[in-house]
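What follows is each chain in one-letter form.
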Amino acid sequence: MSRIFVTGVGIISAIGNSLNENHASLLNGKCGISYVNNFPSKYASELPFGAIQTGNDALKDKLGISNPSVTRTTLLAIHAANDAVEDAALTKDELTSADTAFIGATTVGGMCLTDELYRDANENYKESPYLSSYDCASVFLYLQEYYHLNGIIDTINTACSSSANAIMYGARLIKNGLAKRAIVGGADSLSKFTINGFNALHILSDEVCTPFDEGRKGLNLGEGAAFLVLEKEEDVAGKKIYAEVTGYHNTSDAFHPSSLSDNGEGPFLSMQGALRSAQLQPNDIDFINAHGTGTENNDEAESRAMIRIFNTPPPFASTKSNTGHTLGAAGAIESVYSILSIVNQEIYPGLHFTKPIQATGLEPVVVAKQIPVNHVMSNSFGFGGNCTSLIFSKA
Amino acid sequence: MLYIHEASCISPQQTFSTIDLEHVTDPVDNKLHVAEPAYGGIPKNMLRRMGKAVRIGVGASLPLLDKISSLNGFIIGTANGGMEESILFLKQIIAYDEGVLTPGSFVQSTANATAAQLSLLTGNRGYNITHVHRGLAFENAVIDAAMMVNENKGTSYLLGGIDDISNYNYKLDYMDGWYKEEEIDGQSFYSTNSAGSIAGEGAAIFLVNDHAQNALAKVKAIKTLHSADPDLIKRAFEGFIKEQQVDLSSCIFLSGENGDSRLLPFYTSCEEILGTDITIARFKHLCGEYPTASAFALWLSCQLLNRLQMPEHMIKKHGSAKQPSSILIYNNHKNAQHSFMLIES
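Quantities reported herein were computed from a predicted structural model and do not represent experimental measurements.

K.L.:
Could you clarify how one ought to interpret the interface of chain B and chain A in this entry?
P.N.:
Interfaces are often sized by the amount of accessible area the parts lose when they come together. Tallying the contact residues gives 51 residues for chain B and 65 residues for chain A. Of the roughly 5100 Å² buried at the junction of chain B and chain A (both faces included), carbon and sulfur atoms supply 61%. Its largest share of buried area at the contact with chain A, chain B owes to E98, R125 and M175 of chain B, together 15% of the area lost on that side. Our enumeration of links across chain B and chain A arrives at three salt bridges. R172 of chain A serves as the salt-bridge partner of D144 of chain B, at 2.9 Å between the closest nitrogen and oxygen. One can count 28 residue pairs in polar contact (both at pLDDT 80 or more) joining chain B with chain A. The set of elements that each furnish at least two residues to the side of chain B that touches chain A consists of α3 (83-95), α4 (104-108), α5 (113-122), β3 (127-131), α6 (137-151), α7 (167-175) and β6 (217-226) of chain B. Taken together, the residues that form the side of chain B that touches chain A break down as 22 nonpolar, 19 polar and ten charged.

What follows is the structure, encoded as structure tokens:
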């Protein structure tokens, strides 16, 4: 089966609207988590979020989109996907070819329009422009039309590991000969729905999140999108190559609908499986972009799983302290950060860390550093026990 | 190649435990609701928390779980799975003005809840994924399963297509013109000559792997397309038949025709290229229209290629073959998402 390379990336997050802005923010330890204005939830003024400061009108202007049914999730997806496609220099023919797959992930989809959904369904508001905009698929069905795509198109929702699975699925489509190239990633926007959901679970912090810190109080929700262009070895001659997708593994924790098992069995198995599929040993991994949400449960379970696999884990950190937890976009955003580590031979710090978790004693990287980076692991764990680990390697 | 060894289905018809498709349940208020069984195998405390999509998905899986000793994961396609729970939570948000809310329905509202509950129920730490690409959610699950058994020889998976009718998705799709204005009875379903269909729901679950021996059926090929152009679909269908060298004389064309006059040209233009020997049959009067209805068609194919005699009410045109050796399924979702599947015995 072919080797798979990343030939283009695009990203928009709370720490930047482009790859360069995100890179600069990671190096400078910029935190994009703050209070948001003009957001229709009472928690907007009470809790901090990793919001993108560019509003919907500005995004629509920039992207030249006037269709009223397009949601913020879709706008973020197009913003990042445009950058990825341009970065990989895909021609229009390549983009519209039947062997170009597009695999998107989202958990919120059009539900970012929480109040509108309630109105439309209860008031029989037939004039609503959003009648077919609420489901997850609406995002990538719009992108299919926008780019005139003709290959395999899919939307994946495995909660917070969704876009890690989109990357894995795209890579597998190419390896199985069902696509020549794949555009893969995810998008999610802040929504009243998810804010209230996570708040009801008591896992939102009222302060900026502190992943892997003994005193962590929970996560901050964020929004964003990121896409990668994947191509196979035979097709990348003369192209810019960011990294190779060498390992991936998807597993279920099979423990609880909304929390991880104490010893992190699912995370352990997904990391172990990713190493096996990359044919690497634990000590080959130079850096781990951890799931690291900042919740009591995740960070301790993930730490235990890392200790079980690595004994002494390699340098690790969670960039959710920069961006907030972007749910269905997180796996793709953090894959882009993993790739930046490989390209620039540097690792980026976790922010706001002061004291290790007593039970595990692990300390994340706290300052940006230049080190040799050959292999980076990126972890994504979701509700329902959906755990996926990816490994990117220096090409 | 993907081989199907077991198939289980909860649908509006008698398809679970005892199969009887001669006696057809007609729609009520343009909806075909599933006939839910008693769910003996689901612990009561789990059952109470499950939304309908999860309940029928897990319920249809149970008979298959009993028959296998090792399973390597769950691959589910669902467009609306979790919608009902989403709405319950949304109502809480509005009713309590974002106050103190109970998280149960939020946790169950994610589309991956069925695959998650199945892994919990069985303690299965294998592959676990949920495809939600609306009218191609199940097809992507099929493609995924076919890749899994190709990559990991000797492994087995539960593959499923699950969707339910919730008040919200019915209302939104109704306002968007996808369900009929006038009330339809079972008899006139295909001859209404008006826009829209009737709503349906169901869960069809399959045990799949790469063993040819004793299989019920095999999914020989699958193709998905996005288009609003009947000619393009017709040409693609022609190409699919040629590429797969389908013997049309011993084949059934299982058409996703759904009584919507806007979608009919897609189905009739595909029928035009099939010749006179083929049997043309329809199934949406049995399951209604829903995004993963192709999973019901696949379940039906497994029956037709084995023990089930084709009921007369399914037949649009009689063909020459006494015993079919293959089934061609074409499904069109909302004039935008299309799939062809070739199923062989």
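K.L.:
Which parts of the structure should I look at to understand the domain arrangement of chain A?
P.N.:
All names here are of chain A. As far as domains go, chain A holds domain 1 (4-235) and domain 2 (250-393). Between domain 1 and domain 2, the C-alpha centre-to-centre distance is 21 Å. For the domain 1 and domain 2 pair, buried surface summed over both sides reaches about 4500 Å², with 68% attributable to carbon and sulfur atoms. Of all residues in domain 1, the largest losses of buried area upon contact with domain 2 belong to L26, F212 and R216, amounting jointly to 20% of the total for that side. In this structure, D299 engages R216 in a salt bridge whose closest nitrogen and oxygen atoms are separated by 3.9 Å. The interface formed by domain 1 and domain 2 holds 25 residue pairs in polar contact (both at pLDDT 80 or more) in total.

K.L.:
Where do I start with the domain arrangement of chain B in this structure?
P.N.:
Residue and element names in this part refer to chain B. According to the domain assignment, chain B consists of domain 1 (2-209) and domain 2 (220-344). Put simply, the middle of domain 1 and the middle of domain 2, counted by C-alpha atoms, are 22 Å apart. At the interface, 49 residues of domain 1 touch 40 residues of domain 2. Carbon and sulfur atoms make up 65% of the area that domain 1 and domain 2 hide from each other, which totals about 3600 Å². A per-residue breakdown of the area domain 1 buries against domain 2 is headed by L21, W178 and Y190, which together make up 21% of the total. Across the pair D173 and K334 runs a salt bridge, and its minimum N-O distance is 2.8 Å. If you look at where domain 1 meets domain 2, you find 20 residue pairs in polar contact (both at pLDDT 80 or more).

K.L.:
What exactly am I supposed to notice about the packing of aromatic side chains here?
P.N.:
Centre distance and the angle of the planes are the two values used to describe a pair of aromatic rings. This model, assessed by the stated rule, comprises 26 aromatic pairs over all chains. Pairing F198 of chain A with F106 of chain B gives two aromatic rings, centres 5.5 Å apart and planes at 65 degrees, and the pair type is edge-to-face. Of this pair, F198 of chain A sits in helix α8 (residues 192-200) while F106 of chain B sits in helix α4, which puts the two residues in different chains. Considered together, F198 of chain A and F106 of chain B belong to a single accessibility category, that of buried residues. An angle of 35 degrees between the planes, with centres 6.3 Å apart, marks the rings of F283 of chain B and F296 of chain B as tilted. Of this pair, F283 of chain B sits in the loop between β8 (279-282) and α10 (284-287) while F296 of chain B sits in helix α11 (residues 293-304); the two residues are 13 residues apart in sequence, bridging distant segments of the chain.

K.L.:
Which parts of the structure should I look at to understand empty space enclosed by the protein?
P.N.:
Sizing a probe to match a water molecule and rolling it over the atoms shows the empty space that remains. One pass over the structure, following the stated rule, counts four cavities of 30 Å³ or more. The volume enclosed by the largest cavity comes to roughly 700 Å³. Lining the largest cavity are 47 residues, with D135 and C136 of chain A together with A79, N80 and M83 of chain B sitting closest to its centre. Listing elements by their share of the lining of the largest cavity, those giving two or more residues are α8 of chain A together with α3 and α7 of chain B. In terms of residue class, the lining of the largest cavity is built from 24 nonpolar, 15 polar and eight charged. Counted as a void, the second largest cavity has a volume near 50 Å³. What lines the second largest cavity is P257, F383 and G384 of chain A together with V107, Q108, T110, N112, A113, A116 and Q117 of chain B.

Criteria and cut-off values
- For every chain, the first residue of the written sequence is number 1, and numbering continues from 1 along that sequence.
- Note on labels: chains are lettered from A, ligands numbered from 1, in written order.
- Given that the model is predicted, a residue must reach a pLDDT of at least 70 before its local features are reported, and side-chain atom pairs must reach 80 or more before they are shown or counted; all residues, however, enter totals for whole chains, interfaces and linings.
- Side-chain numbers come from the whole structure's heavy atoms, not from hydrogens or water.
- Contacts are assigned to residue pairs that have any heavy atoms within 4.5 Å of one another.
- A quick way to say it: buried area is the sum, across both parts, of accessible area lost when two parts are put together, with a 1.4 Å probe.
- Here a salt bridge means any side-chain nitrogen of Lys or Arg lying within 4 Å of a carboxyl oxygen belonging to Asp or Glu.
- Under this definition, polar contacts are N or O atom pairs within 3.5 Å; protein pairs additionally need one hydrogen-donor-capable and one acceptor-capable atom, and for neighbouring residues in sequence, both atoms have to be side-chain atoms.
- Each helix is a run of H or I in the DSSP string that is no shorter than four residues. Each strand is a run of E no shorter than two, and both are numbered from the N terminus.
- Amino acids are sorted into nonpolar (Ala, Val, Leu, Ile, Met, Phe, Trp, Tyr, Cys and Pro), charged (Asp, Glu, Lys and Arg) and polar (every other residue, Gly among them).
- Residue ranges for the domains originate in an automatic or database domain assignment.
- Note on aromatic pairs: the rings of Phe, Tyr and Trp (six-membered ring only in Trp) are paired at centre separations within 6.5 Å, and the planes decide the class, stacked below 30 degrees, edge-to-face beyond 60, tilted for the rest.
- The rule is simple: take the accessible area with a 1.4 Å probe, protein chains only, and divide by the maximum for that residue type; under 20% is buried, over 50% is exposed, in between is partly exposed.
- Cavities and pockets are found on a 1 Å grid laid over the protein atoms alone: a cavity is a set of points where a 1.4 Å probe fits but cannot escape, a pocket is an open set with protein on both sides within 12 Å along at least five of seven lines, and a lining residue has an atom within 4 Å of such a point.
- Grid points are joined across faces, edges and corners, and a volume is the space filled by probe spheres set on the points.

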